[in-house]
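# Close look at the chain arrangement
Residues per chain, in single letters:
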Amino acid sequence: MDKSYKNCQSCGMPMKKDPNKGGTNSDGTKSLLYCSYCYCNGKFTQPDFTVNEMKNFCKGKMKEMGFPGFLAGIFTSGIPKLERWKKQ
Ligand SMILES: [Zn+2]
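Residues numbered from 1 in each chain as written. Predicted model: local features only at pLDDT ≥ 70, side-chain atom pairs only at ≥ 80, totals over all residues.

Remark: helix α1 (residues 51–64) packs on helix α2 (residues 69–76), axes separated minimally by 9 Å, with the N-to-C direction vectors making an angle of 145°. Crossing geometry of α1 relative to α2 is assigned as right-handed. Facing α1, whose interface residues are K55, C58, K59, M62 and K63, α2 presents G69, A72, F75 and T76. Of the residues that constitute the contact of α1 with α2, the class distribution is 4 nonpolar, 2 polar and 3 charged. (Axes fitted to C-alpha atoms, helices over the stretch in contact; angles between N-to-C directions. Helix = DSSP H or I, 4+ residues; strand = E, 2+ residues; numbered from the N terminus. Left-handed = near helix turned anticlockwise from the far one by under 90°. Contact = placed C-beta atoms within 7 Å. Nonpolar A, V, L, I, M, F, W, Y, C, P; charged D, E, K, R; others polar.)

Below you can see the structure in the form of structure tokens.
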């Protein structure tokens, strides 16, 4: 799996916006799938999140950052299509 993604496959955040440019695998290499907020040392930082919890979490974050609610809604509606949630 060396495909790299433009967006984190857990929360949908653009990887460009991630100050660390991706999470870290358990062997210390960069994760190409997940951002540093979602994934650290080979583990999800919120391993018990359901897809709906992730949507609500991201909506809350976007509102904090000043995005209008409808934009947060559009953005987070794509989250269930990301790799982390596809199998569920
Ligand atoms: Zn993420």
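The subject of this paragraph is the environment of Y37. Looking at the secondary structure, you find Y37 in the segment before β1 (39–40). Distance in space between the C-alpha atoms of Y37 and M13 is 9.5 Å, their sequence separation being 24 residues. Apart from the residues lying within four places of it in its own chain, the contact partners of Y37 are C11 and T45.

Time to look at unusual backbone geometry. Most peptide bonds are trans, and most residues other than glycine sit at a negative phi. Despite not being glycine, K21 has its phi angle at roughly 60°, a positive value. For K21, the location among the structural elements is in the segment before β1. The class of K21 is exposed, set by 12 C-beta atoms lying within 10 Å. Of note, N41 is a non-glycine position whose phi angle comes to about 55°, a positive value. You can see N41 is positioned in the loop between β1 and β2 (43–44). On the neighbour-count criterion, N41 (12 C-beta atoms within 10 Å) is exposed. (Buried ≥ 20, exposed ≤ 12 C-beta atoms within 10 Å, placed from the backbone.)

The next point concerns the environment of L33. With respect to the element layout, L33 can be found in the segment before β1. L33 has contacts with Y5, Q9 and E83, leaving out every residue within four places of it along the chain.

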